[in-house]
Amino acid sequence: MKENSHYGFMTKALHAGWDYDPATGASGLPIYATSAYQFNSSKHAASLFNLEEDGYIYSRLSNPTVNAFEKGLSALEGGVGAVALSSGQAAFSHLITAICSAGTNLVVSRKVYGGTLTLLQNIFSRFGVETILVDGDHPCQVEQAINDKTRGIISETIGNPLMNVAPLEALAHIAQRHGVPLIIDNTFASPAICRPIEWGTNIVIHSTTKYISGNGNLVGGAIVDGGNFNWSDYPDKFPGLALPDPAYHGITFTEKYGKAALAAKLHCAIVRDMGGCPSAFDAYLLHISLSTLALRMKRHSENAMKVAKFLEMHPQVEWVLYPSLESHPQNDMAKVYMKEGCGGMMAFGVKGGIDAGRKLVDSLELIGHMANLGQTRTLIVHPASTTHSQLSSEERKAAGLSDGLLRLSVGLEDAEDIISDLERGLAAAGK
């Protein structure tokens, strides 16, 4: 498919990134299971290593199967390029390495995924990158926290696990005023539900393990470059992008690659050195999954709304957080950013606190109890003892994460069967 933004989402999902194999004409995407690639000549090899010519050198840097998935995901998000990584954590690690250095900081919503917070506070803090935590739902707090050492703002389209909706436009305006990129983790929504770049976001992050894959059969991550941040305007802040790179004979990525400078820098330098590349087989599976993403997210949203309404009316349930519900504090904003539904993620609390929640989980028969989400099957987890257990009780409290909160990832089963299983668990919780 020729690069053309006028195509609809489903058309892009089916065609973007791959047409056919130029060698055989095969329409199916091959799995290029190779570590290296034959050079035509010594001159050809040198030109590839010097970035004078596009092509493949080594599969840590790029691979045709991986490249096809990257192009497909970038097209769906509306970016200028994407970089696939081995996990969502690898995506954040590689991005932060590209834009931060010792003495800089990131302004981060304290309601983001616990693994993101621990990565920043336990690992990058050791290398001199400070994390400034704010309530990302209040843009004024974000703006007040920014200083001349800030290199980015991090939030999530839909927060994990509190289901808060990020004020994307307001955050984008703040980021633009201060000359820093807005980085949004779009894992919970996926581009089928929300495309943050359309609202001014500069960089989109995914744990492709989740909805992008949908099947729970791999671990992966991705960074999408929105192409809408002028790195060249801030050479002092982002020298690795806007100043000559000594590792590539003085090439300036913004001059050579223009709007796609970040994606190129990540591919050519950061992944080269840090090595968080995905396998060709995983990229093959992810590329296949893109074709059904919109259909799956529609079903996830429909099922989740039925389940959320059931839970909201159940006497054993204290509260439900799902952005499509009228009772959600940011329902109006969700209607603006997510017109096709809000996906399959929700949080709720049962009467009786943590003990009742454990009884509920242990009494389920259909719903899986595991630390994952975004699968075709419905899953449930207790974040305080699993996904956010590395945070202290004070940090969880500051993020609004109660010990009794349950995170539910509503799958594609018949909604009546999901509800029936929850009824069984809630009955046990009430005993």
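Everything numeric here is computed off the predicted structure, so don't read it as measured data.

Calculation criteria
- Residues numbered from 1 in each chain as written.
- Predicted model: local features only at pLDDT ≥ 70, side-chain atom pairs only at ≥ 80, totals over all residues.
- Heavy atoms only, no water.
- Helix = DSSP H or I, 4+ residues; strand = E, 2+ residues; numbered from the N terminus.
- Rg over C-alpha atoms; globule rule 2.2 N^0.38 Å.
- Buried < 20%, exposed > 50% of the residue type's maximum accessible area, 1.4 Å probe, protein only.
- Contact = heavy atoms within 4.5 Å.
- Areas by Shrake-Rupley, 256 points an atom, 1.4 Å probe, with all protein chains shown as cover.
- Salt bridge = Lys/Arg side-chain N within 4 Å of Asp/Glu carboxyl O.
- Core = buried A, V, L, I, M, F, W, Y, C linked by side-chain atoms within 4.5 Å.
- Polar contact = N/O pair within 3.5 Å; in protein donor to acceptor, adjacent residues only side chain to side chain.
- Pairing = 2+ DSSP bridges.
- Expected span 1.5 Å × (residues − 1).

Examining the overall build of the chain
Piece 1. Scanning the chain from terminus to terminus reveals 16 helices and 12 strands.
Piece 2. Computed over its C-alpha atoms, the radius of gyration of the chain comes to 22 Å, within 12% of the 22 Å expected for a compact globule of 431 residues.
Piece 3. Structurally, the chain occupies a C-alpha span of about 75 × 55 × 35 Å along its principal axes.
Piece 4. For the chain, the proportion of its 431 residues judged to be buried stands at 57%.
Piece 5. Contacts in the chain between residues far apart in sequence, at least 24 positions, make up 70% of those at least 6 positions apart.
Piece 6. Here the chain displays about 17800 Å² of accessible surface, and carbon together with sulfur accounts for 52% of that area.

Observations regarding the pattern of salt bridges
Piece 1. Applying the stated criterion across every chain yields a total of 12 salt bridges.
Piece 2. A salt bridge links aspartate 414 to arginine 299; the nearest nitrogen and oxygen atoms lie 3.8 Å apart. Taken together, the positions of aspartate 414 in the loop between strand E12 (405-409) and helix H16 (415-429) and arginine 299 in helix H12 (residues 293-313) put the pair 115 residues apart, joining distant regions of the chain.
Piece 3. Under the relative-accessibility criterion, arginine 299 is labelled partly exposed at 30%.
Piece 4. Put simply, aspartate 355 and arginine 358 hold a salt bridge, and the shortest N to O gap is 4.0 Å. Taken together, the residues span about one helical turn, with aspartate 355 and arginine 358 both in helix H14 (residues 353-363) at a distance of three residues.
Piece 5. Overall, the relative accessible area of 46% leaves arginine 358 in the partly exposed class.

Concerning the nonpolar core
Piece 1. In this structure, Leu311, Phe348, Leu360 and Leu408 are the most contacted members of the largest nonpolar core, which totals 80 residues.
Piece 2. For this core, the element with the highest residue contribution is H12, accounting for seven residues.

Considering the side chain of asparagine 105
Piece 1. Structurally, the position occupied by asparagine 105 is in strand E2 (residues 105-109).
Piece 2. Owing to a relative accessible area of 2%, asparagine 105 belongs among the buried residues under this scheme.
Piece 3. A distance of 2.9 Å separates polar atoms of two side chains, one belonging to asparagine 105 and the other to asparagine 147.
Piece 4. Apart from the residues within four sequence positions on either side, asparagine 105 is in contact with Glu130, Ile132, Asn147, Lys149, Thr150, Arg151 and Gly152.

Describing the pairing of strand E7 (residues 221-225)
The side chains of a regular strand alternate between both faces of the sheet.
Piece 1. Summarising burial for E7: five of the five residues are buried, a large majority.
Piece 2. Because side chains alternate across E7, one face comprises the buried residues Gly221, Ile223 and Asp225, and the other comprises Ala222 and Val224, equally buried.
Piece 3. With five bridges connecting them, strand E1 (residues 81-85) and E7 associate as antiparallel partners. Across the sheet, alanine 84 pairs through a bridge with alanine 222, a residue of E7.
Piece 4. Summarising the sheet, strand E6 (residues 203-206) and E7 pair through four bridges and their orientation is antiparallel. Within the sheet, the bridge partner assigned to isoleucine 203 lies in E7 and is aspartate 225.

Comments concerning helix H3 (residues 64-77)
Piece 1. Compared with the 20 Å implied by 1.5 Å per residue over 14 residues, the 20 Å span of H3 between its first and last C-alpha is a close match.
Piece 2. All of the buried residues in H3 are Pro64, Thr65, Val66, Ala68, Phe69, Glu70, Gly72, Leu73, Ser74, Ala75, Leu76 and Glu77.
Piece 3. For H3, the capping residue at the N-terminal end is asparagine 63, with a side-chain oxygen 2.8 Å from the backbone nitrogen of threonine 65.
Piece 4. One or two steps after H3, the chain reaches glycine 78, where phi turns positive at roughly 80°.

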